[in-house]
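Here are the chains, one letter per residue:
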Amino acid sequence: MAAGRYHSNAGEARVIETFKHIQFTLESTPHLLRLGRLFAETVLIQVDRHEYYLTFDKGHLVNLAEGPSRKIPWRFALRTDAEALEKFWQARPEPGFHDIFGLVKIGRGRIDGDILSLVKNLRFFKEVMGLARANEEVAA
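(A) Layout of the overall build of the chain. The helix and strand tally for the chain stands at 6 helices and 5 strands. Listing every helix and strand of the chain by position from the N terminus yields α-α-β-β-β-β-α-α-β-α-α. Excluding contacts between residues fewer than 6 apart, the proportion of contacts in the chain whose partners are at least 24 apart in sequence is 63%. Summed over all atoms, the accessible surface of the chain reaches about 7900 Å², with 53% contributed by carbon and sulfur.

Encoded structure:
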């Protein structure tokens, strides 16, 4: 991430911090690194008008870049709004917000680009996006 970049609001800063948490947590999650060992792509995550490029190499999240940028090629994109993403990252998301395809189904998300690449790496990508849920306590 670009150091010293000004964030227009707390929501944007929260998304960036969450992606950093995902990056850190992924490094200590061996089963995900094994699942993603063949995944080497850049994924665009668009939240409202803000773009974030997550670059993976052999399952490791090696770079986080903020956009927009026409210079960064991406394989597939997940586009959603900030409120939907916050609900997705809750420890126990409500129905429809529990899954990236759930977001699409309820009209709060869209997936663009190379869908085959997403489907081939679906479990890995879905579990990586769900890593943000691990930092919240789940009451039994």
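(B) A look at the packing of aromatic side chains. The tally for this structure, following the rule as stated, stands at 7 aromatic pairs. For the ring pair Phe-56 and Phe-124, a centre distance of 5.6 Å and an interplane angle of 80° mean the geometry is edge-to-face. Of this pair, Phe-56 sits in strand 2 (residues 50-57) while Phe-124 sits in helix 6 (residues 122-130); the two residues are 68 residues apart in sequence, bridging distant segments of the chain. Across the pair, Phe-124 and Phe-56 agree in class, each one buried.

(C) Spotlight on the confidence of the model for the chain. With 88% of its residues at a pLDDT of 70 or more, the chain shows a mean pLDDT of 88. Segment residues 1-7: pLDDT under 50, and 11 contacts once partners within four positions in sequence are set aside and those in other chains are kept.

(D) Examining the side chain of Glu-51 more closely. Take Glu-51: it is sitting in strand 2. Not counting residues up to four positions away in its chain, the partners in contact with Glu-51 are Leu-44, Ile-45, Gln-46, Ala-65, Glu-66, Gly-67, Pro-68 and Ser-69.

Criteria and cut-off values
All chains use their own residue numbering, which begins from 1 and follows the written sequence. Since the coordinates come from a predicted model, pLDDT governs what is reported: local features require at least 70, and pairs of side-chain atoms require 80 or more to be given and counted, while whole-chain, interface and lining totals use all residues. Calculated side-chain values reflect all of the structure's heavy atoms, with hydrogen atoms and water omitted. Numbering of helices and strands starts at the N terminus; helices are DSSP runs of H or I of at least 4 residues and strands are runs of E of at least 2. Contact between two residues is taken to exist if any of their heavy atoms lie within 4.5 Å; hydrogens are not considered. Here, Shrake-Rupley sampling with a 1.4 Å probe gives the accessible areas, and only protein chains in the shown set may cover a residue. Centres within 6.5 Å make a pair out of two Phe, Tyr or Trp rings, where for Trp the six-membered ring is used; the pair is then stacked when the planes are under 30 degrees apart, edge-to-face when over 60, and tilted otherwise. When accessible area is computed with a 1.4 Å probe and restricted to protein chains, residues below 20% of their type maximum are described as buried, those above 50% as exposed, and intermediate ones as partly exposed. pLDDT measures the predictor's confidence residue by residue and takes values from 0 up to 100.

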